[in-house]
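What follows is each chain in one-letter form.
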Amino acid sequence: MQIKDLKNILLGSTTNKEEPSSAITQEAPAQFPPVPNDAMIIVPMRGTVLFPQNVSPLVIGRKLSINAVQEAVRSEKPIGLLMQLRDKDEEPNPDDLYSVGTVAEILRYITAPDGTHHVICQGVQRFRVQEFLQGYPFLVARIEPYEEPETSSQDVEARVITLKQKALEVLAQTQQVPDELINAIQSITSPPMLADLVASYLISKAVEKQEILALFDIQARIDRILELLNYQVEVLKISNKINEQTQETMGQRQREFVLREQMKAIQKELGEEEGGAAEIEEISKAISAAKMPEEVEKQARKELARLQHMPDASGEYSMIRTYLDWLTELPWSVSSAGVIDIAKAREILNEDHYGLDKIKKRILEFLAVRKLNPNGKSPILCFVGPPGVGKTSLGRSIARATEREFIRASLGGLHDEAEIRGHRRTYIGALPGNVIQSIRKAGTNNPVFMLDEMDKIGSGGFHGDPSSALLEVLDPEQNSTFRDNYLAVAFDLSHVMFIGTANVLDSIPGPLRDRMEVIELTGYTSEEKLQIAKRYLVHRQQESNGLSPEQCTITDDAILTIIQDYTREAGCRNLEREIGSAFRHVAMRIAEGIVMSEQIDSEHIADILGPKRFYSDVAMRTSVPGVATGLAWTPVGGDILFIEATRLPGDGKLILTGQLGEVMKESAQAALSLVKSRANELNLSPEIFKKNDIHVHVPAGAIPKDGPSAGVAMFIALFSAFSERTVHSNVAMTGEISLRGLVLPVGGIKEKVIAAARAGLKTVMLPALNKKDFEEIPEAVRNQLRFIWLENVDDALSIAVENDLKT
Ligand code: ATP
Ligand code: MG
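Parameters and conventions
- Residues numbered from 1 in each chain as written.
- Chains lettered and ligands numbered in written order.
- Predicted model: local features only at pLDDT ≥ 70, side-chain atom pairs only at ≥ 80, totals over all residues.
- Heavy atoms only, no water.
- Near = heavy atom within 4 Å.
- Polar contact = N/O pair within 3.5 Å; in protein donor to acceptor, adjacent residues only side chain to side chain.
- Areas by Shrake-Rupley, 256 points an atom, 1.4 Å probe, with all protein chains shown as cover.
- Helix = DSSP H or I, 4+ residues; strand = E, 2+ residues; numbered from the N terminus.
- Nonpolar A, V, L, I, M, F, W, Y, C, P; charged D, E, K, R; others polar.
- Salt bridge = Lys/Arg side-chain N within 4 Å of Asp/Glu carboxyl O.
- Buried < 20%, exposed > 50% of the residue type's maximum accessible area, 1.4 Å probe, protein only.
- Phe/Tyr/Trp six-rings, centres within 6.5 Å; stacked < 30°, edge-to-face > 60°.
- Lys NZ or Arg CZ within 6 Å of the ring centre and 35° of its normal.

1. Focus: the site of ligand 1
For ligand 1, the set of nearby residues contains 19 residues, the closest of which are Gly388, Lys391, Thr392, Arg540 and Arg573. Residue Val389 places a main-chain N or O atom 3.2 Å away from a nitrogen atom belonging to ligand 1. Here an oxygen atom of ligand 1 and a side-chain polar atom of Thr392 are 2.6 Å apart. Compared with its free state, where it exposes 630 Å², ligand 1 has 87% of that area covered by protein. Where the shell around ligand 1 is concerned, the elements lending two or more residues are helix 14 (391-401), helix 19 (526-544) and helix 21 (573-591). In terms of residue class, the shell around ligand 1 is built from eight nonpolar, six polar and five charged.

So this is what it looks like as structure tokens:
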């Protein structure tokens, strides 16, 4: 393709420079010297560069330029186009112009009907200004034109190829490219022509065009163009990608936008317009009011700034909003409690709880240490004991005594670390973990924080070990900078007073147990329960059922009946519940007008609460030979169990039922062997073992039946079955046996003995080797029972079995 064709494309139709506009020729010749041959009329241009060979229309507006163009047309001379350094100069001096420009031929000069002047020019070649000449009503300069060299080097040819590729690449990414331009770039062979064409069409900034115009050396010129094109390709790629992405979300966004605008309009109509700015202002105030640590406040302000630039109905907005609510509502610098007053604490503990003297003493010691060394590492208390013995209520008391808030979190069944430490905010619906949630509920940063059910914490699974997260919470070294995943900033837990509770010590994960000071609460005896009921439970239940002490009372006998026949527990929870239902019964009668007031006596209990729920069935159960009362340890505080042995015709087999564990089965075997081996001393004929099978059964489903500690009871039951002598109904026993007949020590003495007392037994037989545990048994229980210490099974026989052996 030839230049001529290109000209045609750009002009639309062929123009003829021999047809200057008639308007000019008629004007009178001007009063100034002719422009010398080596000089040129200069037309200043704003923000435009015309490259050689290029054709472009120009608007001529300024007087200076109109004069210049008209003179050029009249004298049929080309003009020199020079770009202004700054667009804003109205009458540029020579100093305000670049010094390299383009010689241009005026193809056409037009005065439009509205009086504006236009020229269509074609660039011819580059020039450099040598000097400006004075004395003309337009700019005139002596110039030095630049002739492009004819020849070209290999280096240049190579660049030409790259340039073509690059240019086509840019065009491929651009929309609406005229085919002619692509054809022109593909077919042009002259390096300067190609370079100028590409620069003219593909480089958009005037300053860059001017820079290229001023590069006379063709190699440098192409290099610079390539540089600029490369940059452009990258920009275009990125912008196309963004475009694609935005196109995808555009539909959704637009919809949201429209809906949001509608919502705003509706809110405005309803007068509910809330003004986002007011909300932001409110949050900002809340941030200041929360008195956060510096790091946290910085984070909060950062999030607030993000919130400001967000449409307030978007999902992310509400996410950040919730997060900021959490940050502002946490008690960063709210704390309660003053100095710990030990005397007052003692008073409060006594006020709230009956008995428990040792435990109260240890709590007071603990508080004293905290008082003397408030910032020191104090151990973490852990109350261990069966349900309803007052663990939680002691915790409340401690909070009251130290004037702190009280909060609880249950750890039962936790097996995800995130439940303690929260989920990262990137999760949908993420929230802080248990610890931070509780602290927010407490509203202070130094509450008494009770961690319930530490023995039921799940072991770490796929999502991290909750107990290791808990360790961090409890560790005074680490908990001053506890980082919840959701908050992602540190919260100081070091002022929190943690107290653990558990039913069983053994199931608390080892490392946690080591960190805590364990305080064991055993169950209460009937007498203690009576006292607790009289002092606390009765009053509480009267109140909560809306009864005054005049309207309804309950006798001690009635309470004892409830304790013995309606509850069988270590603690007081069911007792309180049953007293409550007795009172409700009375409340009903008063409300119905049947009675004005009522005293609940033990005779009424069966009418009110229904038939007895627990029988002191020991006497009945043991009234036949072959039944012995054993003692079992259970997580809820110990219980009694019966070992039943029956003799039936057969050939000496041992039948075991009652879903016994392996160890208990072996223990039964051992007991049988022991009875057989002592047949002589026990006055039993060896025949009896040959002609009979023996069936040992242990009823009661709820008690775990394994372990060796029923050995003594098995032995006694078997002997009783073979000898047909009954076992004393008020004797209970525990102890492992050896084949030689020695009684070996067992665990859980305290709980077992308390259970025996609770069941109304009078004598307990324990291994002599367990004497060391005697101290642990509550005094009230000790006073209630007779203790027999067994060294071997013979010691047990004379006490347990009715009718003296020798008779
Ligand atoms: P769990 O292991 O089931 O949580 P807990 O040990 O926390 O049991 P609490 O809830 O503290 O049991 O106690 C049950 C009820 O018994 C409470 O109403 C409590 O006030 C009362 N109670 C227990 N021991 C005493 C006591 N020594 N003096 C007064 N009230 C008591
Ligand atoms: Mg509790």
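Now that the structure has been shown, we can carry on.
2. Topic: the pattern of salt bridges
Where charged atoms of side chains with opposite charge meet at close range, the side chains can pair. Tallying each qualifying case throughout the model produces 46 salt bridges. Residue Arg306 pairs with Glu303 through a salt bridge whose shortest N-O separation is 3.3 Å. Remark: Glu303 and Arg306 occur in helix 10 (residues 294-308); sequence separation between them is three residues, near one turn of the helix. For Arg306, a relative accessible area of 35% gives the class partly exposed. Of the residues examined, Glu303 reaches a relative accessible area of 4% and is grouped as buried. Sharing partners across several salt bridges, the network here consists of Arg126, Glu148, Asp196 and Arg221.

3. What about unusual backbone geometry?
Despite not being glycine, Glu76 has its phi angle at roughly 50 degrees, a positive value. Here Glu76 lies in the loop between helix 3 (63-74) and strand 3 (79-83). In this structure, Leu356 is a non-glycine residue whose phi angle is positive, near 55 degrees. Relative to the helices and strands, Leu356 is located in the loop between helix 12 (342-352) and helix 13 (357-372). Its relative accessible area of 13% is what places Leu356 among the buried residues.

4. Here's the deal with the packing of aromatic side chains
On inspection of all chains with the given rule, the structure shows eleven aromatic pairs. Ring centres of Phe774 and Phe787 lie 5.0 Å apart, and the angle between their planes is 85 degrees; on these two criteria the pair is classed as edge-to-face. Taken together, the positions of Phe774 in the loop between strand 23 (763-767) and helix 28 (779-784) and Phe787 in strand 24 (residues 786-790) put the pair 13 residues apart, joining distant regions of the chain. A relative accessible area of 16% places Phe787 in the buried class. Ring centres of Phe787 and Trp789 lie 6.1 Å apart, and the angle between their planes is 10 degrees; on these two criteria the pair is classed as stacked. Aromatic ring contacts, followed pair by pair, group Phe32, Tyr136 and Phe138 into a single cluster. It is Arg425 that lies over the ring of Tyr323; its NZ or CZ is 3.7 Å from the centre. When the ring centre of Phe774 is taken as origin, the NZ or CZ atom of Arg782, which lies over that ring, is 5.1 Å away.

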